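Remarks on the overall topology
The lines below spell out each chain.
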Amino acid sequence: MNKAILLLEDGTIFEGQGFGAQGEVFGEVVFNTSITGYQEIITDPSYKAQIVTMTYPLIGNYGVNEEDAESCKPWLEGFVVKELSAIRSNWRSTMGLDEYLKKNNVVGIQGIDTRALTRDLRAQGAMQGVISTNDFDATSLMRKLKSAPRLVGRDLVKEVTCKEPYVWTAKLQAPSSKPQCYKVVVLDCGVKRNILRNLVSCGCKVKVVPAKTTAEEILKLKPDGLLLSNGPGDPEVVSYVIETARKLLGRLPIFGICLGHQMLGLAMGGKTYKLKFGHHGGNHPVKDLKTGKVAITSQNHGFNVDMKSIPIKNTIMTHLNLYDNTAEGLENKKLKLFSVQYHPEAGPGPHDAQYLFNKFVSMMKNA
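Now for a quick tour of the structure. Here the structure is a predicted model, which means the values were calculated and not measured.

**Here's the deal with a nonpolar patch on the surface**
A contiguous nonpolar patch, built from I35, Y56 and L58 and spanning about 260 Å² of accessible area, is present on the exposed surface. Residue placement: Y56 occurs in the loop between β4 (50–54) and β5 (58–59).

Listed below in structure tokens is the structure:
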């Protein structure tokens, strides 16, 4: 493996070895605390424009396979690990991680102190960074880094959404024993496949539509409910999704996940703000404020809804993050909507919150 360096905007430099593709990539550097599930993380569209650091030290030991991909390809800009496993051992594996990233033109770096990097990100907050396998001059890289586009203020949804509508056929999914009774339209802001799998498992017929699909076009499909999906970047700049959600408030049941949760908050007149280093990982404790039950959740977001800014009456906060007391869910029964900031579909992560898909089905049934 050849030399590679990671440079942060605060001037910190980490030297290591490159793997995957060769070249130079820029993005917001974040850390993910999941122990397994690196393929699902790599293929999550919500990581567009970010460089992901895995805190677990050994990555790649079980390879990759087609079934575990959460989208059609990796979307992250770069991948940072302490040690890339030299072997892969799993009966489902069809390719090594190094080969997979190389095939998909993703630059990786290994052999650096990921614990030190994570501590720096926790202290300073998520920072812009660059991974390079061909330019090792700090002054040159810093100059390029300062002129590289940042995550805030960019519409990344338009880069990850589907180009045409499609019906989810679940080719790699076990057949559901439940009849498909409810027609759900998924507004694709960067949807993960496991969301679609969970909807089918709960008895839904799923049609995925591009993010710029209008409220009028969605209503013409005569759905029983709408799911606003996860996705990357700054929610406030994706005005067309916010407008679509605003026009559909109260007209059909709506379930929002992650970016979809933020879109609902904005559609209801609220505001969002950027978190210091975001929530990325599979071990976040979230308290249900109605039952007092705590679920361990999968999370991946850098922005949050300011619940106090939402002017619509009867909108309540339903869930609370026990790490930092940020809002993790909202609900308005009169408008037939609810949303969560975390990922009930997991992929990767625990399945504590999968009951929310059944809640969505019950809402459509009652409607």
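**Regarding the state of the cysteines**
Tallying each qualifying case throughout the model produces zero disulfides. Its sulfur unpaired, C189 is 9.8 Å from the next cysteine sulfur, which belongs to C162. Residue class for C189 comes out buried when judged on its relative accessible area of 1%. For C204, which is in no disulfide, the shortest distance to another cysteine sulfur is to C202 and amounts to 6.2 Å.

**As for the packing of aromatic side chains**
The geometry of an aromatic ring pair comes down to the distance between the two centres and the angle between the two planes. A complete count under the given rule lists five aromatic pairs for this structure. Note on F31 and F277: the rings are 5.6 Å apart at their centroids and 35° apart in plane angle, and the pair reads as tilted. With F31 in strand β3 (residues 24–32) and F277 in strand β15 (residues 271–288), this residue pair connects regions lying 246 residues apart in the sequence. Of the residues examined, F31 reaches a relative accessible area of 7% and is grouped as buried.

**Side note on the nonpolar core**
Of all hydrophobic cores here, the largest spans 32 residues; its most connected members are L226, L228, V241 and L337. Elements represented by at least two residues in this core include exactly β11 (182–188), α7 (215–220), β13 (225–228), α8 (239–248), α9 (259–267) and β18 (327–332). V241 has contacts with L187, C189, A211 and M263, leaving out every residue within four places of it along the chain. Residues C162, V184, C202 and C258 belong to the second largest nonpolar core, which totals 29 residues.

**What about unusual backbone geometry?**
With an omega of 5°, the peptide bond between G347 and P348 qualifies as cis. Tracing the chain through its elements places P348 in the loop between β19 (337–340) and α10 (355–366). The phi torsion at N105 lies on the positive side, around 60°, for a residue other than glycine. Summarising the element assignment, N105 is placed in the loop between α2 (97–103) and β8 (107–110). Residue classification places N105 among the exposed positions, given a relative accessible area of 59%. Phi angles above zero are rare outside glycine, and K336 is one such case at about 60°. For K336, the location among the structural elements is in the loop between β18 and β19. On the basis of relative accessible area, K336 is assigned to the partly exposed category, the value being 25%.

**Concerning the pairing of β18**
Taken residue by residue, a regular strand's side chains alternate between the two faces of the sheet. The buried fraction of β18 is high, at six of six residues. Hairpin geometry of strand β17 (residues 316–321) and β18 is characterised by an intervening segment of five residues between the two adjacent antiparallel strands and by a positive phi of about 65° at N325. Adjacent in sequence and paired antiparallel, β18 and β19 are bridged by four residues, among which K336 carries a positive phi angle near 60°.

**Here we look at the sheet that holds β18**
Taken in spatial order, the 10 strands line up as β10-β12-β11-β13-β14-β19-β18-β17-β15-β16 in an open sheet, and their pairing is mixed. With one partner strand each, in any of the chains shown, β10 (166–167) and β16 (294–306) form the two edges of the open sheet. Across four bridges, strand β14 (residues 254–257) lies against β19 in parallel orientation. Bridge assignment links I254 to a residue of β19, and that residue is L337.

**Focus on the side chain of S34**
For S34, the location among the structural elements is in the loop between β3 and α1 (38–42). Engagement of the side chain of S34 in a polar contact is seen with the backbone nitrogen of G282, the distance being 3.2 Å.

What counts, and where the lines are drawn
- Residues numbered from 1 in each chain as written.
- Predicted model: local features only at pLDDT ≥ 70, side-chain atom pairs only at ≥ 80, totals over all residues.
- Heavy atoms only, no water.
- Patch = residues over 30% accessible without salt bridge, like charges linked within 9 Å, V, L, I, M, F, W, Y side chains within 5 Å.
- Areas by Shrake-Rupley, 256 points an atom, 1.4 Å probe, with all protein chains shown as cover.
- Salt bridge = Lys/Arg side-chain N within 4 Å of Asp/Glu carboxyl O.
- Helix = DSSP H or I, 4+ residues; strand = E, 2+ residues; numbered from the N terminus.
- Disulfide = S-S within 2.5 Å.
- Buried < 20%, exposed > 50% of the residue type's maximum accessible area, 1.4 Å probe, protein only.
- Phe/Tyr/Trp six-rings, centres within 6.5 Å; stacked < 30°, edge-to-face > 60°.
- Core = buried A, V, L, I, M, F, W, Y, C linked by side-chain atoms within 4.5 Å.
- Contact = heavy atoms within 4.5 Å.
- Pairing = 2+ DSSP bridges.
- Polar contact = N/O pair within 3.5 Å; in protein donor to acceptor, adjacent residues only side chain to side chain.

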